[in-house]
Structures are given as structure tokens and as C-alpha cells.
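Observations on the model geometry
One letter stands for each residue in the lines below.
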Amino acid sequence: MTNRKLQSSSERAENSSGEGIVVADVLEFLRRRWLFHAIGAAIGLAVALTWYAAQAPSYRAEATLRLEQQSSSGSLLSDLAALTQAPMAVSEMEILRSRTIAEAVVSSPPDGIAALAQAGDERDGDHLHLGLTTLVDDEGLRPSARLARLVGLGPPKPQADSPRLFADLVVPASMTEPPDLLVDFVTSQRVRISELGSFGARGSVEHDCTPGQSIEYAGMQLALAPAGDLTGRSFRLHYDTPVDAVTRVMRATRVAETDRNSGVIRIVYHDSDPVRGAATVNAMCRNYLARNQESSKRRASQTVDFIEGQLEEQIAFLTAAEGEVVQHKQQSPQFIDVGETAKALIQKLSELDVRRLDSRIQRASLEEAIALVDQGDLAALSRFGPEVADPVTASFIESIARLSAETELLDRTDSGAFKALLQQQLVELRTQRDAQQLKLDALRAIHDQLAAGDATVMGGLVMTSEAGTADPLMTSLVERWTALDSRVRELEGEFTDALPELGTVRLERAATEGRIVDLLAGRIAGLEGTLGEFDALARTRNGDIDALPQTERARIELAIDSLRRRTLTQLRSRLDGIDALTASVDREVQALEAELSALPESERSLAAPMRAVATHGEIVKLLLLRKQEAEITRAATIATAEFIDSAAAPQRPIAPSLPVHALMGLVLGLAVAAATALLREGRGSEIHTAAELEVATGLSVVGSIPDFRRGRTRVKNAPDHFVALRDDPEGPIAEAYRALRSNLKFIIGGSNGRKTLAITSCVPGEGKSVTNVDVALSFAMSGKRVLLVDADMRRPSVSRYLQIGPARGLSDVLRETHAWQDCLVPSCHENLTVLPSGGVPEAPGDLLAGARSRELIAELREAYDLVVFDVPPVLAVADIECLAPHVEAVLLLCRSSKLTDSAVRHAATRLRQVGANVVGAVLNAVVARGVTSGDYGYGYGYGYGTDGVSKRKKRAA
């Protein structure tokens, strides 16, 4: 059992170094560094919470608009031209996120912030201005206030309907970076204003708060408008220039269509204040709707302007003509009417005048349409009415609209019919090529093996042939070769090689095999050529797919350009027709006027004003009709919208998140602590286990002593100078010393005949003296006469552990003032005798280096079965160099988790350099948290110790 125990530590060292990190190593590392990791986690959590508290909250407010497009019942071109436009939602979303809308929201209200305080964002008006150059943030909404509320401190959380503060800060131009201000409401009518810096508020000044009156502070003018009683609440004021405020609003705005071509737009805005965020979204939507209304009022075409101008002129002419008729009848009452001939001429002339004016209106519309088409603005044709929408032009515009829509689809989808066909063909090509590649690989393998003389692959060739990779000729040749091979084997089994038939069959088999190889080579060459063709065709298909949008777009653009030219030709031909019609009307008017001039003077004098009244009356009717049609057509494609859901103040912020920050802080703190711990262990790792001690010293670990103050082996109510074999003889610590004694018997006892033993440590405080006491006591309990010599004359400790008072000792013996027999002191056991250190000499090293020291060791060796020397630490003083070479066996003690491997290695090297016979190492104060029977050689988990004995006795009783 002892041999297995001695081997276990070295085996664990080999496993740990050869098999990498295991779970047990990780758990042991975490156990050793638990305080380090706990501190790292605490620091990470503190940093994360500090970062969380310093951030501003972010609330998400959103509203929804639905776009509508009015249709016209009187314009065909308005419907067709709408097809050529981009999707309505795209253009409207760009307007919503535009700088114009943001500037309208950011600008200060014309009637001051007091109006906002009275009505908020629900007040009426064409536009809504919120004055966002001054941001007012409630301190109760900040994460720091949330942390304070979690521990029962801090102000209560403001609600959406809580009173708000509106402010307007005017900053002089010379102040480039105005500071943030903190406004504390001492009472509802008095505030305390201070400047916020990196280290808190400073420069506090109290003022009365009167709405509409400005407060001067640090060169700035501040106007406050509280909407309710704000006593006890604090607000942070931040000023942005108008340009910065507009940029901030634009960056915080997200506009997207809820679903493609749905016409429903969602506007999302992020703000540090929930109420202000909702008000900003609603203001953007209202300003957008107001802009649409104003835009529709301003949107007028040249045709409408022309009609309105002509209408005013004709109404004036009509009024003048009617007055002239009345005046003529009053002056010549005998001529109150004209004859039938004159009436007929007047009626025809008025109709021609109306037709001539209608032609002029059509000409104006056609000229504008020609200019727009020439510029490429086909969508503007929607502003014209029936005077432009002849069937031919309508068909041209419809074709252009469809081609333009097809161009949009090229970029927006990959589901075109031709492209889908090309992609399907490419997939089929790749599948066929993979199948051919498999066939080629199989045939190449068979060909290479046949060429190398391996005829065993013929069976595989037959199987391949059955799969369809070979032709019937190959199948027949393989069958022929198989029959010849069977015949050769049959003849070789019955006759010798001298048989002529055998040679003939062999030759025929070889010839058949050669034909098979040649056929395979041709088959392989054919497949390689086929694969090349497949690759070339696939590249062509890939090129077609990649170039499809460009080639299709080029083709469509050519078609659109051709249709545009044909549309221009059609419109110009119509313009020529109108000119010809106008000329014809003019000639007919001239002829009718000549007939009218041939009438009697009395009729002619009355016919002229009557003609003017009739003509201008019809023209006014026509202009009114055309104006109505033009206005309906003009409004046909104006996009309008309606509120579906207005923005409401969100209840919770979306960032920062306290659980996320806390978790991140813990994880990062643990990670940094683990990395630092690993770096420290990598640069100079501490000794924790027996395997690490063996690697550091190159010595076998002959014992591991548990820690009696920590872990499962902790001894309750242990005295200050605890000696395990005396104070807790049934405990796990005592059992560990007995195990150490058993191991030492094989090293210093038996045929070795070693009677002097010294246990030293690297530095003070590792438990060297108590280990010497317990080892000496364990041998004494086994029946040996043991002498314990306290050779650490600088810091003697044996007397304290064994409760021996001041007495003569080793220093007196070495100074030859007393015999060693006179300095011996009995101990707690009859077989254990103690030689104390004696008085502290001036030069302990010189005494230990003298001849008397060597003579004393020889005398003590003859007088006792075992002499145990408690010597000074190796790295503390040089006394060990004088005594260690004369002791037959030296053990190096190392306290777990105290020294690095470099220090322990240096101590072992120093002992070897002075000539000490270092026979092993001992690991002391090992913390046992999950003790197993292999840790110390015994099963401490089975109830050793006084507590375990008493419990077993109780159970037995």
C-alpha cells in the first residue's frame, strides 16, 4: 500500500502533464484562487454598476402611419404614370427621415415654451415645434437613481403623467461648449441651479421660478416652464446647437415599412426621456402631414395657371360685353334684337371662338407634356388630363411603365422567370458533372491498377459496368477475360508451363487485358473531355446569371428610350394637328365675320356685343370645366397618410440593462481574475500538490500533511501550539504523520542503518518545527528511543510545542560548558527525549560548523535509535550548510500554497550543493476539501478522529 501511495503522486504528475487540463485540475485551481476570483468578480461587478449608473437611459417610442394614394376618375395618364414611380412608401420614408422634418421638430415654438407646458404635444396647430435644442432629463429616470431605489434610497420613479419641466437655454456665441446644468426644485416656485462637472455639481445659486421670465446663470439665459408641482425633483439640462440637435434627431430616428408594399410605415425614435421621445415621434408625424397639405396646395401645373389666367380675362371680357349690350339697347330701344341670320352667325362665331380657346389650352398642355417627356419626367404626365391622354400616347406610357417596373424587379428580386430557368439549368449541369466525375474517378482507379498488373480489379470493373459506366463492348471484354482467366487457372492446376495450350490461353488473356486497358483509357479521355465541356457550359451559365440584371436593364432602357421618342413624335404630331385645326378655325372665323359685316348697320352694331357675350359666356363655362378637371388630375397622385397608432410614452428603458451589465461585469471580472491568476501561475506558480512538489524538487514526496486549521481536516478548538499525535491522536493529521513514519522506515531504517534525520524548510513559517516534533513523537510511540535536538538556535520552537521551560541546551554543549547528558529534558512520551537549543549564542553558524558539532552527532547516534534535528530554514540563514552534510538523511518540507516552484527548486538545489543527503520531500498544510483514500494514504472520510470515534461509539450503544 505504501508503494502505491508513493507512486500515486508521480502518476498524477505524469497524467496532468501528458493529458492536458482535466476537470479536477480546473476545480483545484478555482479552489486555490477562490479569494482572487471573488475579488475579481466583485471589482468587475463594481465597475459594471458604475458604468451602468453613469449611462443615460434609452427609451424606444414608435408610431405607425398608413399611406394612401387618391385616385382620379378623369385622368388615364395619372394612373399609368404612377406605375413609373418608385414605391410610394420609399419616397415618403425619405421625407419622414429628412432634415426638413427634423428641423421643424427641433425649432422652438413661436409662442414660447409656456405653451408646451400648458398643452404638451396635444396642442393644435399646423406644425409642432418642441424646442429640442435644450434637453431636459429627469434625474429620477437615470440608472443611478434606479440603483438607489433598489436599495431603498433615491427619489420615486416618475410616471408618464407626472409633472414635467420645459426649458429654453440661450447660450452666447462666444461659449463653444456650454456646461450641463442641474436644476433642483426647492419649492414649486424656487429652484437651485448648479453646473454639472466631472466631479459633481458646483456653483449652486437659488432663483425664483416664474414662467415667462428668464434667469441669468454663468452668462446664459434660462427660461423654465414647469407643468405642475416639481418640488423635490431634479432635472439635468443639456444644450445643443440647432445643427447638432437636428443631427441627433435624425440619427435617433428609424423609419421602415412594416411589410413590403403594405403602405404602413413604422417610425421609431430613441430618447433618454420617454415622454419626450413619444412627443418627438408624434411631432414628426404631424409635421409630415402638415407638409403634405401645404405641398398639395403649392403643387400646380402650367395648365392650371394658364386656365386661371384665361378665366379671369374672359370673365372681365364677358362683363364688359354684357354692359355694352345693355348700353346699346338703352341708347337704341328700337333695335332690341337682331335677325335670324345674324343670330346664326353669332352662334357659329361663338362656337368657333370656344374651339379656338380650347385648342390653345390643349396646345399649352401638349407643350408642357413634350418638355416633361423630353426631360424624362414621365411621372409628371399624371398632372395632365384628357387633353393629353389619347389612346396612342396612353399605350406608349403604359408600355414604359411596365418596362420601368420590370427594371425595378431586376434589383429587388431574384425570381425572374429567365433567371430561375438559368439557375435550374446550372443546378442540373452541376449534378450531371458530379455524376461524370464519380465515373471518371472509378475508371481511373481501375485503369491504374490494371496498368500496374493488378488483375483483381476486374470484378470491380464488372460491377462498374453493371452500374452503367462501361459500354457493352467493355462488358463483353471483361466477360471474355474472366473466362480466359478461369481457363488459365484450371490448366495451371493440372499441367506444367510446358503445355502449349496454357501459353496460348495466357497470351489471349493478356491481349484481352490490353484491349480493356486501351478501352478504359479512351473512356477516361472521353469523360475528361465531357467534364471540360460541362465546366465551360457552367461558366457560361454563371456569366449569364451574373450579367442578367445588366443585360436586361440595358435592353429595357433601349426599349424605354425608343418608346419615349415615339411618345414625343406622337405628341408633336398632335401639336401639329392642333395648329392645323386652329388655322382652319381662324379661316372659318374670318369668313363668318365677312358675312356678318355684310348685314345692315343696325344689326351689325348690336351683333358685335351680343357675339362677345355669347362667346365669352361659353368660354367661361369651358374654362370652369377644364379647371375642375385639372385640379382633380393635379391631386391624383398626392400621397396622404393617417395616424394608425400614435406614440405613447414607453414604461421601461431598452438600455442600459441592469442584469446584462451585472452579468457582464461578473463574467469579465472572473475572466480577468482567471487570466491574471493563470499568468501568475505560469510565471512562478505556487506549490499546491504533491505532484507539483515532485516536479519542482526532483524528490519523491514521502508524505502529505493536512492542514489542521482549514478544510475537512480542520481541528476544532485546536491549541496555539498544536501537536497532532499529542492533542488529537485519532485525527487525520496524526494518521498522516503515521503514514510519513511508515514511509521513512523504508528510507532510514532497515539495511540503511541511518539514525540521524533532519527536517528543514525553505523559509520560516512552513511548519518545520511542529513536523519535527510529530515525526519524533511518532517514532517514539512505535517503541524507538528518540532524541529531538532543537538545532535552530536563532528561533527555537521545540520548547514551545513541548511546553519546556528555559533550560541548558545545544548551545551550551557546543561551547563545551556542559555535557549533553546534563542538558536532556523529558517530554510527553517516555521514549522521546529533548535536547533544547539553550541560550541564543552570538554566532550560531560558527558553533554548528565546529568540530564539536560533528563529535556530538556521532555520540548521539550511538546513544539513541533515532536522532531528529530541528534545523534552520534553507533560504533564511546559512546555518543549515554547517549541519546538513553531517546528518544521514534530510527531508525538505514545503507548505502548500506558500512558495513558488522556483523558490522550492532553489532550496533543493542549495541542499544538494552543500552535500546534504536529501532523501525526500514533505508537503505540509494541504487543504482537504474532497478527501479520498488516495490523498494521504488513508480514508479520512471514514470517521478517523475523536469526533468520529465518539459518533461510532454512540451508534454502537
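Read on for an overview of the structure. (Residues numbered from 1 in each chain as written. Predicted model: local features only at pLDDT ≥ 70, side-chain atom pairs only at ≥ 80, totals over all residues. Heavy atoms only, no water.)

Moving on, we get to the pairing of strand β5 (residues 190-197). Looking at chain direction, strand β4 (residues 180-187) and β5 are connected through seven bridges and run antiparallel. In the sheet register, L182 faces β5, and the bridge partner there is S194. Two successive antiparallel strands, β4 and β5, enclose a turn made up of two residues. The turn joining β5 and strand β6 (residues 200-208), which pair antiparallel and follow one another in sequence, is formed by two residues. (Pairing = 2+ DSSP bridges. Helix = DSSP H or I, 4+ residues; strand = E, 2+ residues; numbered from the N terminus.)

What follows concerns the packing of aromatic side chains. Scanning all chains against the criterion turns up two aromatic pairs. Summarising the aromatic geometry, the rings of F185 and F235 are spaced 6.0 Å apart at their centres and angled 85° between planes, so their arrangement reads as edge-to-face. Taken together, the residues F185 in strand β4 and F235 in strand β9 (residues 234-239) connect sequence positions 50 residues apart. Here the two residues F185 and F235 agree in accessibility, since each one is buried. (Phe/Tyr/Trp six-rings, centres within 6.5 Å; stacked < 30°, edge-to-face > 60°. Buried < 20%, exposed > 50% of the residue type's maximum accessible area, 1.4 Å probe, protein only.)

In space, the eight strands of this open sheet follow the order β13-β20-β19-β14-β18-β15-β17-β16, with mixed pairing throughout. The sheet terminates laterally at β13 (701-706) and β16 (825-826), the two strands that pair on one side only.

Take a nonpolar patch on the surface next. A cluster of nonpolar residues, W34, L35, I39, I43 and V47, forms a patch on the protein surface that exposes about 520 Å² of accessible area. Here I43 is to be found in helix α3 (residues 34-54). (Patch = residues over 30% accessible without salt bridge, like charges linked within 9 Å, V, L, I, M, F, W, Y side chains within 5 Å. Areas by Shrake-Rupley, 256 points an atom, 1.4 Å probe, with all protein chains shown as cover. Salt bridge = Lys/Arg side-chain N within 4 Å of Asp/Glu carboxyl O.)

A separate point is the environment of R363. By the element assignment, R363 lies in helix α12 (residues 340-375). Spatially, the C-alpha atoms of R363 and D576 are 9.3 Å apart, while their sequence positions differ by 213 residues. The contacts of R363, once residues within four sequence positions are left out, are L575, I578 and D579. (Contact = heavy atoms within 4.5 Å.)

Turning next to the side chain of S272. With respect to the helices and strands, the residue S272 is situated in the loop between β11 (264-271) and α10 (274-298). Classification of S272 as buried rests on a relative accessible area of 18%. Here D137 takes part through its side chain, which lies 2.9 Å from a polar atom of the side chain of S272. A polar atom in the side chain of S272 sits 3.0 Å from the side chain of R276. Residue contacts for S272: discarding those within four places in its chain leaves P57, Y59 and D137. (Polar contact = N/O pair within 3.5 Å; in protein donor to acceptor, adjacent residues only side chain to side chain.)

Ranked by size, the top nonpolar core spans 46 residues in total, and within it L810 and F869 carry the most contacts. F869 has contacts with T756, L757, A758, I759, N772, V789, I857, L860, L883 and V887, leaving out every residue within four places of it along the chain. Counting residues in hydrophobic clusters, the runner-up holds 41 residues, among them F708, Y737, L777 and L891. (Core = buried A, V, L, I, M, F, W, Y, C linked by side-chain atoms within 4.5 Å.)

On the secondary structure map, D138 appears in strand β2 (residues 134-138). A polar atom in the side chain of D138 sits 2.9 Å from the backbone nitrogen of G140. The residues touching D138, leaving out its near neighbours within four places in the chain, are P158, R233, S234, F235 and D273.

Moving on, we come to the sheet that holds strand β3 (residues 164-170). One open sheet accounts for three strands, arranged β3-β8-β7; its pairing is antiparallel. For this open sheet the edge positions go to β3 and β7 (214-217), each flanked by a neighbour on one side alone. In this sheet, neighbouring strand axes are inclined to one another by 30° on average, regardless of whether the strands run parallel or antiparallel. Sheet topology places β7 next to strand β8 (residues 220-227); four bridges connect them, and they run antiparallel. Bridge pairing links E216 to Q221 in β8. (Axes fitted to C-alpha atoms, helices over the stretch in contact; angles between N-to-C directions.)

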